[in-house]
Amino acid sequence: MAFFFFRSNLFENFFWKELLLLLGLLLLFENDRLLTNLLQPAKPASPAFSFVPALILVELAWLLNFLPLNFLSLAGLWLVALYLVREFVFLWLRNLFNWRLFLPQLFLSLVLIGLIMLSSSWKII
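Residues numbered from 1 in each chain as written. Predicted model: local features only at pLDDT ≥ 70, side-chain atom pairs only at ≥ 80, totals over all residues. Heavy atoms only, no water.

With that out of the way, let us pick up the environment of leucine 106. Here leucine 106 is to be found in helix α5 (residues 99-119). Sequence separation of leucine 106 and valine 80 is 26 residues, and the distance between their C-alpha atoms is 9.7 Å. (Helix = DSSP H or I, 4+ residues; strand = E, 2+ residues; numbered from the N terminus.)

Before going further, it helps to examine the packing of aromatic side chains. Considering all chains together, one arrives at nine aromatic pairs under this definition. Ring centres of tryptophan 62 and phenylalanine 66 lie 5.2 Å apart, and the angle between their planes is 80°; on these two criteria the pair is classed as edge-to-face. Tryptophan 62 gets classed as partly exposed once you look at its relative accessible area, which sits at 34%. Ring plane angle 70° and centroid distance 6.1 Å describe the contact between tryptophan 99 and phenylalanine 102, whose orientation is recorded as edge-to-face. (Phe/Tyr/Trp six-rings, centres within 6.5 Å; stacked < 30°, edge-to-face > 60°. Buried < 20%, exposed > 50% of the residue type's maximum accessible area, 1.4 Å probe, protein only.)

Below, the discussion takes up the packing of helix α2 (residues 14-39) against helix α3 (residues 48-64). Taken N-terminus to C-terminus, the directions of α2 and α3 make an angle of 145°; their axes are 8 Å apart at the nearest point. Considering how the two elements wind past one another, α2 and α3 form a crossing that is right-handed. For the pair formed by α2 and α3, the contact residues are Phe14, Glu18, Leu21, Leu22, Leu25, Leu26, Phe29, Glu30 and Arg33 on the first element and Phe49, Ser50, Phe51, Pro53, Ala54, Leu55, Leu57, Val58, Ala61 and Trp62 on the second. Split into classes, the residues belonging to the contact of α2 with α3 amount to 15 nonpolar, one polar and three charged. (Axes fitted to C-alpha atoms, helices over the stretch in contact; angles between N-to-C directions. Left-handed = near helix turned anticlockwise from the far one by under 90°. Contact = heavy atoms within 4.5 Å. Nonpolar A, V, L, I, M, F, W, Y, C, P; charged D, E, K, R; others polar.)

So, on to the side chain of threonine 36. Looking at the element boundaries, threonine 36 is found in helix α2. A residue is classified by how much of its surface remains accessible, and threonine 36, at 2% relative accessible area, is buried. If we skip the residues at most four places from it in the chain, threonine 36 touches Phe90, Leu93 and Arg94.

Membership of the largest hydrophobic core comes to 17 residues, with the highest contact counts inside it found for Leu21, Leu25, Phe29, Leu57, Trp78 and Leu82. Setting aside its immediate chain neighbours within four residues, leucine 57 contacts Leu25, Phe29, Trp78, Ala81, Leu82 and Val85. (Core = buried A, V, L, I, M, F, W, Y, C linked by side-chain atoms within 4.5 Å.)

Let's shift gears to α2. End to end, α2 covers 38 Å across 26 residues, agreeing with the expected 38 Å (1.5 Å per residue, within 8%). Taken as a whole, α2 has its buried residues at Lys17, Glu18, Leu21, Leu22, Gly24, Leu25, Phe29, Asp32, Arg33, Thr36 and Asn37. (Expected span 1.5 Å × (residues − 1).)

Next up on the list: the pattern of salt bridges. This model, assessed by the stated rule, comprises two salt bridges. Put simply, arginine 33 and glutamate 30 hold a salt bridge, and the shortest N to O gap is 2.4 Å. You can see arginine 33 and its partner glutamate 30 sitting in helix α2, three residues apart, about one turn around the helix. A relative accessible area of 23% means that glutamate 30 is categorised as partly exposed. Across the pair arginine 86 and aspartate 32 runs a salt bridge, and its minimum N-O distance is 2.7 Å. Note that arginine 86 is positioned in helix α4 (residues 71-93) and aspartate 32 in helix α2, a separation of 54 residues in sequence. Arginine 86 sits in the partly exposed class, given a relative accessible area of 33%. (Salt bridge = Lys/Arg side-chain N within 4 Å of Asp/Glu carboxyl O.)

Laid out in structure tokens, this is it:
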């Protein structure tokens with residue numbers, strides 16, 4: 001999804017690209033939510049736990065489009081953000097969120113984002 005979104009022309013069919021990205025993310029997060037509901041049937045999660053992270057990641061993808069980086073770097077940055085948001089939501093839904101579990105992942109993700117941004121060529125293609 002990220003490759004298709006960042007590789008094509010920014011202004012060509014932009015609405016359809018964002019809609020496709022949103023639907024793909026909704027499918028991914030809805031599967032996580034339903035899996036969590038199967039594991040913990042006593043506390044079912046709301047569908048908002050699928051829609052809100054998907055909307056946040058679509059808006060992040062829209063924002064990343066304005067950086068003068070190549071599409072592989074943009075897709076890498078977006079995938080790191082997807083991993084962090086998905087891990088946060090999954091831990092939150094299972095009532096396992098703890099900063100001791102999440103901070104190392106956050107730190108390593110920030111290091112990875114820094115490496116991607118430092119190694120990228122900052123020019124408009």
